[in-house]
Every structure is written in C-alpha cells, then in structure tokens.
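# Tertiary structure, described
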Amino acid sequence: MVKFIVLVGLLALSFCVAMAADHSPLQDFCVAQSNSQVRLNGLACKNPSMVQASDFSFSGLHLSGNTSNAVGSKVTPVATTQIPGLNTLGISLVRIDYAPWGINPPHTHPRATEILTVVEGSLEVGFVTSNPDNRLISKILHKGDVFVFPIGLIHYQRNIGKGNAMAIAGLSSQNPGVITIANAVFGSEPAISSDILVKAFQVGKNVVSSIQSKF
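Model, not experiment: these values are computed from the prediction. Counting from 1, residues in each chain are numbered in the order their sequence is written. Reporting of local features is limited, given that this is a predicted model, to residues whose pLDDT is at least 70; pairs of side-chain atoms are given and counted only at 80 or more, and all residues count toward the totals for whole chains, interfaces and linings. Hydrogens and waters are ignored; side-chain quantities use all the structure's heavy atoms.

### Looking at unusual backbone geometry
Put simply, the rule reads: Helix numbers and strand numbers start at the N terminus; a helix is a DSSP run of H or I with at least 4 residues, a strand a run of E with at least 2.
Going from Asn131 to Pro132, the amide bond is cis rather than trans, its omega being 5°. Its place among the elements puts Pro132 in the loop between strand S5 (123–128) and strand S6 (136–141). Note the cis peptide between Glu189 and Pro190, where omega equals 0°. Take Pro190: it is sitting in the loop between helix H2 (181–186) and helix H3 (194–201).

### Things to note about the sheet that holds S5
Worth spelling out the cut-off: Following DSSP output, two strands are said to pair if at least two bridges run between them.
Read from one edge of the open sheet, five strands run S6-S5-S8-S3-S10, paired in antiparallel fashion. One side of each edge strand has no neighbouring strand; the edge strands of this open sheet are S6 and strand S10 (179–180). One ladder, built from six bridges, connects S5 with S6; its direction is antiparallel. Bridge pairing links Val125 to Lys139 in S6.

### A closer look at the state of the cysteines
Put simply, the rule reads: In this description, the term disulfide denotes a pair of cysteine sulfurs within 2.5 Å. Note on classification: 1.4 Å probe, protein chains only; a residue is buried when its accessible area is under 20% of the maximum for its type, exposed when over 50%, partly exposed between these limits.
Tallied over the entire structure, the rule returns one disulfide. Between Cys30 and Cys45 runs a disulfide, and the two sulfur atoms are separated by 1.8 Å. In this structure, the disulfide formed by Cys30 and Cys45 twists by about -100° around the S-S bond and is classed as left-handed. Taken as a pair, Cys30 in the loop between helix H1 (2–19) and strand S1 (73–78) and Cys45 in the loop between H1 and S1 lie far apart in primary sequence, 15 residues in all. Residue class for Cys30 comes out buried when judged on its relative accessible area of 3%. Since its relative accessible area comes to 39%, Cys45 is described here as partly exposed.

### Side note on the UniProt feature "binding site: oxalate" (unreviewed entry) in the chain
Keep this limit in mind: UniProt positions are given in the numbering used here, feature names are shortened, and annotations may be inferred rather than shown by experiment. Note on contacts: a residue pair qualifies if any of its non-hydrogen atoms lie within 4.5 Å across the two residues. Two N or O atoms count as a polar contact when they lie within 3.5 Å, although within protein this holds only if one can serve as hydrogen donor and the other as acceptor, and sequence-adjacent residues are included solely when both atoms are side-chain atoms.
The residues that UniProt annotates with the feature "binding site: oxalate" (unreviewed entry) are Asn104, His109 and Glu114. Relative accessible area serves as the criterion here: at 9%, Asn104 is assigned to the buried category. What Asn104 contacts, discounting residues up to four positions off in sequence, is Ser73, Val75, Ile96, Tyr98, Tyr156 and Gln157. Relative to the elements of secondary structure, Glu114 occurs in strand S4 (residues 114–120). At 3.0 Å, the side chain of Glu114 forms a polar contact with the side chain of His109.

### Describing the sheet that holds strand S2 (residues 92–98)
What counts here: In this analysis, axes come from line fits to C-alpha atoms, helices being fitted only over the stretch in contact, and the angle between any two N-to-C directions falls in the range 0 to 180 degrees.
Ordered by their spatial adjacency, five strands build an open sheet running S1-S2-S9-S4-S7, and the pairing between neighbours is antiparallel. Both outer strands of the open sheet, S1 and strand S7 (146–149), are each paired with one neighbouring strand and no more. This sheet shows a mean twist of 20° between the axes of neighbouring strands, independent of strand direction. For S2 and strand S9 (residues 165–171), the ladder comprises seven bridges, and the chain directions are antiparallel.

Structure representation (structure tokens):
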C-alpha cells in the first residue's frame, strides 16, 4: 500500500512538472506558418517540404538595442516571430541592453522561467516571492554571472555601473509573454477605476491620476 501511494505521488509530480512547460513536439519540427487562419494553442505548421534553413536562424543579436527611453533599457526578443522554427520547441531568448542606471522594470513571464547571463557590466537583479511572504530575493551580478527568475514571479534588473550593460536571457517557452506591472496596472485600456487603485495602493486619487496620465 505504501509503495502504491509513493508511486501515485511520483506520477502526480511528474504530471505537474510536464504541464509546467510548453507541450512537447510530436514531430521533428513545426515551423510556424505566419499567414495561417487556423487558431490553436501555438502556431500552425508550415508544409515540411517548404521549410528552409532561414526558418531556423536569426541575425542581428550582436547589435546594441536603443536605450533612449524612459526606463533606459531595450529588450530584443528571439521567439517564434523572429525564428518560426522555434514553434513547439518550448524555448526562446532575449537580449537586454541597459543604459547607465537603466532598468528592466518589474515584470512577470506568465509562461516561462528565465535564466539570465550578464555579458557586459554589472546588474542588480531580484524577484519577489508570492503572498503572503512577498520576500525580495536579490543579488549583484557581474560579467559571466547567471541568475534564475522562477516562472510567474515579479522580477527586475538594474544597471548599477557607469557604462552600458548587456545580458542574454533564455526562457522556457516559445511564447513566454511579458506583463510589465506598471503598464498593466496604470496603463490598461480601458483604465482600471481610480477608486480601485486608490484602495489598492493606499494613496490619494490625484497620485493615481498623475501616474495613469504617464501611460
């Protein structure tokens, strides 16, 4: 009986782990057919006989992103939009450029764990655990250092150096998604009622209105 319970527990655990990432492919590849009208959880497959090497490659990741913006960072994604051959393979990556003291603002990836490697510069990174602890786990990273952000948790990076910084991050989904907290809360369309935000953030209505006007 004990062995049976352990076996059931292990099967349940393996099922949960399997469901925590994109579904496994059932063929060698499924290159995304961008103009397909078929709607499914992912992207429709191109005819394999029409697949080319270009469907599996992307050029330009060596180019610095333009960080001349309010937050001082630029994310360059490499997902199925850039490489159709990533469809169904469950991975993607991004290049992140940071101006001095630039930030990648607090955000989440609803469908992916992220592993980030610092290529140039020094970054302060961190993520916040879920309720009720809301514990900040943060660290200073230097060139060659690696940090993991668990799936779904709010996280951020900040360049703490005097020069530019750059990182490469891998994500465990072909379509990880990104929810930038400030944009989602204060810049939704239509806007979330200011009365709700006043109570949620315990600030005056004028403060909420001022923040919403910036998005």
